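Remarks on the overall topology
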Amino acid sequence: MTKPASLWPAPPDTALLELEQVSRQFGVAPGATGFGQRMARWLGQPRPPVTRAVDGVSLAVRPGEVVGLVGESGSGKSTLGRMAAGLLAPTRGEVRVRGRALDTLPPAERLAARLAVQMVFQDPNSSLNPRLRVSRIVGEAPLAHGLCEPSALDDYVCAQLQRAGLDPALRHRYPHQFSGGQRQRIGIARALAVAPALLVCDEAVAALDVSIQAQILNLFQDLREQLGLAYVFISHDLGVIRHLCDRVLVMYLGRVIESAPATELFTRPAHPYTQALLAEIPDITQRRSRFSALSGEVPSALNPPTGCHFHPRCPQAMARCRQEAPSLRGIAIQHQVACHLHPSS
Ligand code: SF4
């Protein structure tokens, strides 16, 4: 098996991870020329639908930075997270780690880049193999990749469990013998075991009770301080995003429609969709008789609306919005928005 190289040095201002204009579509691409597609066309069969889950998104994460991805179901944030973690290849665009494109790396460096970005999943029940003891779940990858000698593995596993806030004495148990919060800690220990520089957390606390959520969020913050970890934090919970993130990207139907530092986004949201999302955050100091939910459903990614994808639901839509897709433009320092209401600053 290829042994991972160390991550290469880079100038201090180089992003740890960059996704440059990445797109991911599912289904058969319109120009596909494989035998199956040629036969289907020859037989007159209709072309299978293509879903553009992510459409031309750029994202850069600096060392130690926490970037939040928010949006309704179907916005493409999980697909983007999987591309960031290397679990899905982009259909178009480029992924770079410390300034070097993944496609161009030799095998040992590509493996190092893959190990540097790990994922923590939403459901700790299905992300852990129920037939393996915790010691094996956590120890398998570092052993396979030569990050730890077999003789030192037990101590290594204990150290990872301790870091994730689990009693190492429990390492010989199976996942079903733990609570949901403990299982999520096992998933975090497994990710930490390959010494990552960035964790992609996809709704990592959504399946947990509120008190356990707070413990896991505090663990993420402690790990950031101790190890300098960066995060891409995917959540539909804007309270969590506001609490944890330095910068936030708002996604709608596969595109980024607003990007800003967290404090700026939560105090001065510029896109009508972001404004609607923030208006729905429950506020204990304000008793509301009704919530003004966003009207309408998220349109299907199989057949997205023309122009601005948000125009069928936007209270400020104009004729231009139905024709012309707005591009992401800077309206303040580090604040970008894709909406015709906002010309570039
Ligand atoms: Fe609304 Fe038009 Fe802005 Fe889209 S571009 S958010 S439809 S105003």
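Let me begin by describing the structure that accompanies this report. Everything numeric in this text was worked out from a predicted model, so none of it was measured. (Residues numbered from 1 in each chain as written. Predicted model: local features only at pLDDT ≥ 70, side-chain atom pairs only at ≥ 80, totals over all residues. Heavy atoms only, no water.)

With that out of the way, let us pick up the overall build of the protein. For the protein, the helix and strand inventory stands at 11 helices and 12 strands. Based on the C-alpha atoms only, the size of the protein along its principal axes is roughly 70 × 65 × 40 Å. For the protein, with 345 residues in total, the buried portion stands at 47%. Long-range pairs, those at least 24 residues apart, make up 67% of the contacts in the protein between residues at least 6 apart in sequence. Entry remark: accessible area of the protein is about 17,300 Å², with carbon and sulfur atoms responsible for 52%. (Helix = DSSP H or I, 4+ residues; strand = E, 2+ residues; numbered from the N terminus. Buried < 20%, exposed > 50% of the residue type's maximum accessible area, 1.4 Å probe, protein only. Contact = heavy atoms within 4.5 Å. Areas by Shrake-Rupley, 256 points an atom, 1.4 Å probe, with all protein chains shown as cover.)

Once that is clear, we can look at the site of the ligand. Around the ligand, a shell composed of 13 residues is seen, among which C308, C314, C321, C339 and H340 lie nearest. A breakdown of the residues in the shell around the ligand according to their chemical character gives nine nonpolar, four polar and no charged. (Near = heavy atom within 4 Å. Nonpolar A, V, L, I, M, F, W, Y, C, P; charged D, E, K, R; others polar.)

Further remarks concern the side chain of T79. Inspection of the secondary structure puts T79 in helix α2 (residues 77–84). In this view, T79 contacts R24, F26, A53, V54 and L88; residues no more than four positions away in its chain are not counted.

Another aspect to go through is helix α6 (residues 180–192). For α6, built from 13 residues, the straight-helix expectation of 18 Å at 1.5 Å per residue is met to within 8% by its first-to-last C-alpha distance of 19 Å. Within α6, 10 of the 13 residues are buried, leaving the element largely enclosed by the surrounding structure. Three or more residues of α6 are buried, namely G181, R183, Q184, R185, I186, G187, I188, A189, A191 and L192. Of the surrounding elements, those touching the buried residues of α6 are β6 (117–120), α4 (134–144), α5 (153–163), β7 (198–202) and α7 (210–227). (Expected span 1.5 Å × (residues − 1).)

Let's shift gears to the nonpolar core. In terms of nonpolar packing, the biggest core is built from 56 residues, with I188, F220 and F233 touching the most fellow members. Setting aside residues up to four positions removed in sequence, F233 forms contacts with V66, V67, G68, L69, C201, L217, F220, V240, I241, L244 and C245. Counting residues in hydrophobic clusters, the runner-up holds 30 residues, among them L17, V97, M119 and V256. (Core = buried A, V, L, I, M, F, W, Y, C linked by side-chain atoms within 4.5 Å.)

Another point: the pattern of salt bridges. Where side chains of opposite charge bring their charged atoms close, a pairing between them can arise. Summed over the entire model, instances satisfying the criterion amount to 14 salt bridges. The closest approach of N and O atoms between E20 and R96, which form a salt bridge, is 3.1 Å. With E20 in strand β1 (residues 17–26) and R96 in strand β4 (residues 92–97), this residue pair connects regions lying 76 residues apart in the sequence. The structure contains a network of salt bridges with shared partners spanning E18, E20, E94 and R96. (Salt bridge = Lys/Arg side-chain N within 4 Å of Asp/Glu carboxyl O.)

This brings us to the packing of aromatic side chains. Under the definition given, this model contains five aromatic pairs. Within the aromatic cluster, the residues linked to one another by ring pairs are F220, Y231 and F233. The lysine or arginine in question, R100, covers the ring of W8, its NZ or CZ lying 4.8 Å from the ring centre. (Phe/Tyr/Trp six-rings, centres within 6.5 Å; stacked < 30°, edge-to-face > 60°. Lys NZ or Arg CZ within 6 Å of the ring centre and 35° of its normal.)

As a further point, take the sheet that holds β4. A sheet is described by the order of its strands in space; here four strands give the open sequence β2-β1-β4-β5, paired in antiparallel fashion. Strands with a single pairing partner mark the edges of an open sheet, and in this sheet they are β2 (51–61) and β5 (100–101). In this structure, β4 lies alongside β5, joined through two bridges in antiparallel fashion. Each bridged residue has a counterpart across the sheet, and for R96 the counterpart in β5 is A101. Set on the sheet, α2 makes contact with β1 and β2; between it and β1 the angle comes to about 125°. (Pairing = 2+ DSSP bridges. Axes fitted to C-alpha atoms, helices over the stretch in contact; angles between N-to-C directions.)

Attention shifts here to the state of the cysteines. Overall, the coordinates contain zero disulfides when judged by the stated rule. Looking at the unpaired C158, the closest cysteine sulfur is the one in C148, lying at 11 Å. Judged by its relative accessible area of 14%, C158 is buried. Of all cysteine sulfurs, the one in C245 lies closest to C201, which takes part in no disulfide; the gap is 9.7 Å. With relative accessibility at 0%, the residue C201 sits in the buried group. (Disulfide = S-S within 2.5 Å.)

With that out of the way, let us pick up unusual backbone geometry. Backbone geometry at Q21 places phi at a positive 50°, although glycine is not the residue there. On the secondary structure map, Q21 appears in strand β1. By relative accessible area, which is 45% here, Q21 ends up partly exposed. Phi at A195 takes a positive value of approximately 50°, unusual for a residue other than glycine. The topology assignment puts A195 in the loop between α6 and β7.

Axis separation between α6 and α7 bottoms out at 10 Å; the angle between their running directions is 20°. Taken together, the axes of α6 and α7 lie roughly parallel to each other. Considering how the two elements wind past one another, α6 and α7 form a crossing that is right-handed. Residues G181, Q184, R185, I188 and L192 of α6 form the contact with α7, whose participating residues are I212, Q215, I216, L219, F220, L223 and L227. Class assignment of the residues belonging to the contact of α6 with α7 gives a composition of eight nonpolar, three polar and one charged. (Parallel < 35°, antiparallel > 145°, perpendicular 65-115°, else oblique. Left-handed = near helix turned anticlockwise from the far one by under 90°.)

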